[in-house]
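The lines below spell out each chain.
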Amino acid sequence: MSNNRVSRRQFLSYTIMGVGGFMASSLVLPMVRFAVDPALQVEGDSDFIVTDQLVSELTEEPIRVSFSYEQQDAWYTSEVTNDAWVYKAGDEIIALSPVCKHLGCTVQWEGSADFPNQFFCPCHNGRYEKNGNNIPGTPPLGPLDQFVVEVRDGYLALGEVKPNFIVS
Amino acid sequence: MLNKLYDWVDERLDITPIWRDIADHEVPEHVNPAHHFSAFVYCFGGLTFFVTVIQILSGMFLTMYYVPDVENAWNSVYYLQNEVAFGEIVRGMHHWGASLVIVMIFLHTLRVFFTGSYKKPRELNWMVGVMLFGVILGLGFTGYLLPWDMKALFATKVGIEIAASVPVIGEYIKILLAGDDTILGAQTLTRFFAIHVFFLPAALLGLMGAHFIMIRKQGISGPL
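Residues numbered from 1 in each chain as written. Chains lettered and ligands numbered in written order. Predicted model: local features only at pLDDT ≥ 70, side-chain atom pairs only at ≥ 80, totals over all residues. Heavy atoms only, no water.

Trainee: Can you walk me through the pairing of strand 9 (residues 155-162) of chain A in this structure?
Mentor: Looking along a regular strand, one sees side chains alternate from face to face of the sheet. All names here are of chain A. Judged from the three bridges that link them, strand 1 (residues 49-54) and strand 9 form a sheet pairing that is antiparallel. By the bridge assignment for strand 9, Leu 54 is matched with Tyr 155. Across six bridges, the pairing between strand 8 (residues 146-152) and strand 9 is antiparallel. Paired with Glu 150 across the bridge in strand 9 is Ala 157. (Pairing = 2+ DSSP bridges. Helix = DSSP H or I, 4+ residues; strand = E, 2+ residues; numbered from the N terminus.)

Trainee: Could you clarify how one ought to interpret the pairing of strand 4 (residues 92-96) of chain A in this entry?
Mentor: All names here are of chain A. Counting buried positions along strand 4 yields four of five residues, so the element is predominantly enclosed. The sheet contact formed by strand 3 (residues 76-89) and strand 4 spans five bridges and is antiparallel. Residue Trp 85 lies in a different strand from strand 4, and its bridge partner there is Leu 96. The turn joining strand 3 and strand 4, which pair antiparallel and follow one another in sequence, is formed by two residues; a positive phi near 70 degrees is taken by Gly 90. (Buried < 20%, exposed > 50% of the residue type's maximum accessible area, 1.4 Å probe, protein only.)

Trainee: Explanation requested: the sheet that holds strand 7 (residues 126-128) of chain A in the structure shown.
Mentor: Sheets are built from strands that pair by backbone hydrogen bonding, the pairs being arranged parallel or antiparallel. Residue and element names in this part refer to chain A. Taken in spatial order, the three strands line up as 5-6-7 in an open sheet, and their pairing is antiparallel. The sheet terminates laterally at strand 5 (108-109) and strand 7, the two strands that pair on one side only. As defined by bridge partners, strand 6 (residues 119-121) adjoins strand 7 across three bridges and the pair is classed as antiparallel. Residue pairing across strands places Phe 119 opposite Tyr 128, the latter belonging to strand 7.

Trainee: It is not clear to me how the packing of helix 1 (residues 8-35) of chain A against helix 3 (residues 44-62) of chain B should be interpreted in this structure. Could you clarify?
Mentor: What describes two packed helices is the angle between their axes and the distance between those same axes. At a closest axis distance of 10 Å, the pairing of helix 1 of chain A and helix 3 of chain B adopts a crossing angle of 10 degrees. As judged from the angle between their axes, helix 1 of chain A and helix 3 of chain B are roughly parallel. Along its contact with helix 1 of chain A, which presents Leu 27, Met 31, Val 32, Phe 34 and Ala 35 of chain A, the element helix 3 of chain B presents Phe 50, Ile 54, Leu 57, Ser 58, Phe 61 and Leu 62 of chain B. Its residues assigned to classes, the contact of helix 1 of chain A with helix 3 of chain B shows ten nonpolar, one polar and no charged. (Axes fitted to C-alpha atoms, helices over the stretch in contact; angles between N-to-C directions. Parallel < 35°, antiparallel > 145°, perpendicular 65-115°, else oblique. Contact = heavy atoms within 4.5 Å. Nonpolar A, V, L, I, M, F, W, Y, C, P; charged D, E, K, R; others polar.)

Next comes the structure, spelled out in structure tokens:
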């Protein structure tokens, strides 16, 4: 016999806790996995969406380009319309996401008469330069996100939204 | 670690007497299956409670995906069963548990009846037990509609017609259950959902509390 014997009471309490814990977890674990499923769903690749915007009509001035796609939200399928702010910088096409990096409201090019040549967010007066860079002293903590773009048969196609890659 | 945490709380709130009161109670020899195996019949009440706990837990999780709406109810059930991990298991627990809880409560009632445990001084507890039986059947009836498939719809039509056959007030019971005097539809589904997840479970918890306080106060009835 070693010095630290397991008493009858300890043995029973360990056994009961072990068996009880096993039974309880076999009940609860499926339900927990069921509940956390949204966090573990794999995201599908996003395809390019071709818009109605002719690339030849784009200028240096950002314009709002709307695009629609079918959104599959669990058991609910719907047609969703989103916007992008698109302009040409030389030969390059820049498409910025209108989602404010402060708290997710929608920004607008020259949305405030006081701030020409800037994106303006009406919720908390967040402001961005034309390339999406956030203006220091306003609420946003980062530049506007940016779409990957392609030209398909002369029309603008928008791909994945990525962190702004023109602001350095 | 846990002991230290327990001691810290106990030192301040003196919780030991509280759980001792709940945990320490006499289990007479004639109800202990370790002494007489046939005493397992005394387990049916506890098993009913156990299955009820599973029903409450699995039901809580199911409402994370379920929508009580005629357009989406069936689709949300289909989604949670086929697209969500362990959806089949969680819905299965609730589905089979619903039948099991009725089997268990029935066996428990038979045990109490044949051991004569409903006699004085335990008449009140028998009455509460009968109410619990009614609440459980109500939960079974209202839950049956929620998947909103053909079986659910027609079972509920039949059930509501049976309720409508009650003399004098039958028509009112029917309207109150269905939410409309002719249609079994959108309002029926939301009503049944509310009754199934809020009203009846609240009644169930209250009645179970009364049931348990009474059995603790009066003790388990003597041997045959």
